[in-house]
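Next come the chains, spelled out residue by residue.
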Amino acid sequence: MELSRMLPNAWASRVRGSHQVSVAGLAYDSRKIQPGDAFFCIRGLKLDGHAFAVEAAARGAAVLVVDHELEIPGPTQVVVEDTREAMALMSAAYYGYPSRQLGLIGVTGTNGKTTTTHIIESVFAETGVKTGLIGTVFNKVGDQIEESQRTTPESPDLQRLLREMAGAGVSWVSMEVSSHALDLHRVTGC
């Protein structure tokens, strides 16, 4: 997908390089970069993704999404205020805004998210509706069960999963949304 199609007008960004660069995939872990990927430099609690931008460029990243301009030749740089929010919005665009094609029910709270999402999913399934489930125990696309890595996946993983669900004919998705995920923009764009 062309980078220009991934840059929502809703937030300001500055682009150093070509808006027309082709993006082959999305990555927030520099060890998983494939040539042509966009790499999101995320500031974590222990590590700063900006420290891995040189490695990402060496592995073939076509785009670096950063919160300040870096002196790295080659990849186009998209400079944004919040790289996590940008990752969520750009991921939604990259996957064609799949949540717009689904009924999406997010459950948040301190206790009971897993139980509540499973009850919601089973109620819809009993009515003959093809359902999806995203949560701590597992993810479910129709009748297919997939391993879950997090209660609420990182935004690129969430958008990929929602795209898979929309492509499989899922109508309604029940998902656990941790307060941590809300804070980290994992569901922004849904």
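In this text, all values refer to a predicted model and were calculated from it rather than measured experimentally. (Residues numbered from 1 in each chain as written. Predicted model: local features only at pLDDT ≥ 70, side-chain atom pairs only at ≥ 80, totals over all residues. Heavy atoms only, no water.)

Asks: Help me understand the packing of helix α2 (residues 83-94) against helix α4 (residues 155-167), please; the structure alone is not making it clear to me.
Replies: When two helices pack together, their arrangement is given by the angle between the helix axes and the distance between those axes. Running from amino to carboxyl end, α2 crosses α4 at an angle of 20°, the nearest separation of the two axes being 8 Å. Viewed along their axes, α2 and α4 adopt a mutual orientation that is roughly parallel. Here α2 runs over α4; the crossing is right-handed. For the pair α2 and α4, contact is made by M87, A88, S91 and A92 and by S155, P156 and Q159, respectively. Its residues assigned to classes, the contact of α2 with α4 comprises four nonpolar, three polar and no charged. (Axes fitted to C-alpha atoms, helices over the stretch in contact; angles between N-to-C directions. Helix = DSSP H or I, 4+ residues; strand = E, 2+ residues; numbered from the N terminus. Parallel < 35°, antiparallel > 145°, perpendicular 65-115°, else oblique. Left-handed = near helix turned anticlockwise from the far one by under 90°. Contact = heavy atoms within 4.5 Å. Nonpolar A, V, L, I, M, F, W, Y, C, P; charged D, E, K, R; others polar.)

Asks: Mind showing me how you'd approach the sheet that holds strand β3 (residues 37-40) here?
Replies: Paired through their backbone hydrogen bonds, the strands of a sheet run either parallel or antiparallel. Ordered by their spatial adjacency, five strands build an open sheet running β1-β5-β4-β3-β2, and the pairing between neighbours is mixed. The sheet is open, and its two borders are formed by β1 (14-16) and β2 (25-27), each paired with just one other strand. Within this sheet the neighbouring strands show an average axis-to-axis angle of 20°, counted without direction. (Pairing = 2+ DSSP bridges.)

Asks: Help me out: how do you make sense of helix α3 (residues 113-126) in this one?
Replies: Over its 14 residues, α3 extends 20 Å from the first C-alpha to the last, a length consistent with the 20 Å expected when each residue adds 1.5 Å. Within the span of α3, buried status applies to K113, T117 and E121. Viewed along the axis of α3, the buried residues span an arc of 55°, placing them on a single side of the element. In α3, the exposed positions angled more than 90 degrees off the buried face are occupied by T115, V123 and E126. Packing partners of the buried residues in α3 comprise β6 (103-107), β7 (131-134), β8 (138-141) and β10 (172-176). (Expected span 1.5 Å × (residues − 1). Buried < 20%, exposed > 50% of the residue type's maximum accessible area, 1.4 Å probe, protein only. Arc of directions from axis to C-beta.)

Asks: Which parts of the structure should I look at to understand the nonpolar core?
Replies: Taken as a class, soluble globular proteins show a tendency for nonpolar side chains to be buried jointly. Membership of the largest hydrophobic core comes to 20 residues, with the highest contact counts inside it found for L3 and V63. Contributions of two or more residues to this core are made by β3, β4 (63-66) and α2. Counting residues per element, this core draws most heavily on α2, at four residues. In this view, L3 contacts V15, S18, H19, V21, V23, V63, T76, V78 and M90; residues no more than four positions away in its chain are not counted. Formed by 13 residues, the second largest nonpolar core is a distinct cluster that contains L102, L158, V177 and V187. (Core = buried A, V, L, I, M, F, W, Y, C linked by side-chain atoms within 4.5 Å.)

Asks: What's the story with the sheet that holds β8 in this structure? I'm lost.
Replies: A sheet is described by the order of its strands in space; here five strands give the open sequence β6-β10-β7-β8-β9, paired in mixed fashion. Since the sheet does not close on itself, it has two edges, and those belong to β6 and β9 (144-147), each with one partner. For this sheet, the mean angle separating the axes of adjacent strands, direction not counted, is 20°. Across five bridges, β6 lies against β10 in parallel orientation. Note that in β10 the partner of V107 across the bridge is E176. Its contacts with the sheet put α3 on β6, β7, β8 and β10, and the angle it makes with β10 is roughly 170°. Together, β6, β7, β8, β9 and β10 form the strand contacts of α4, whose direction differs from that of β7 by roughly 165°.

Taken by themselves, the reported measurements are silent on function.
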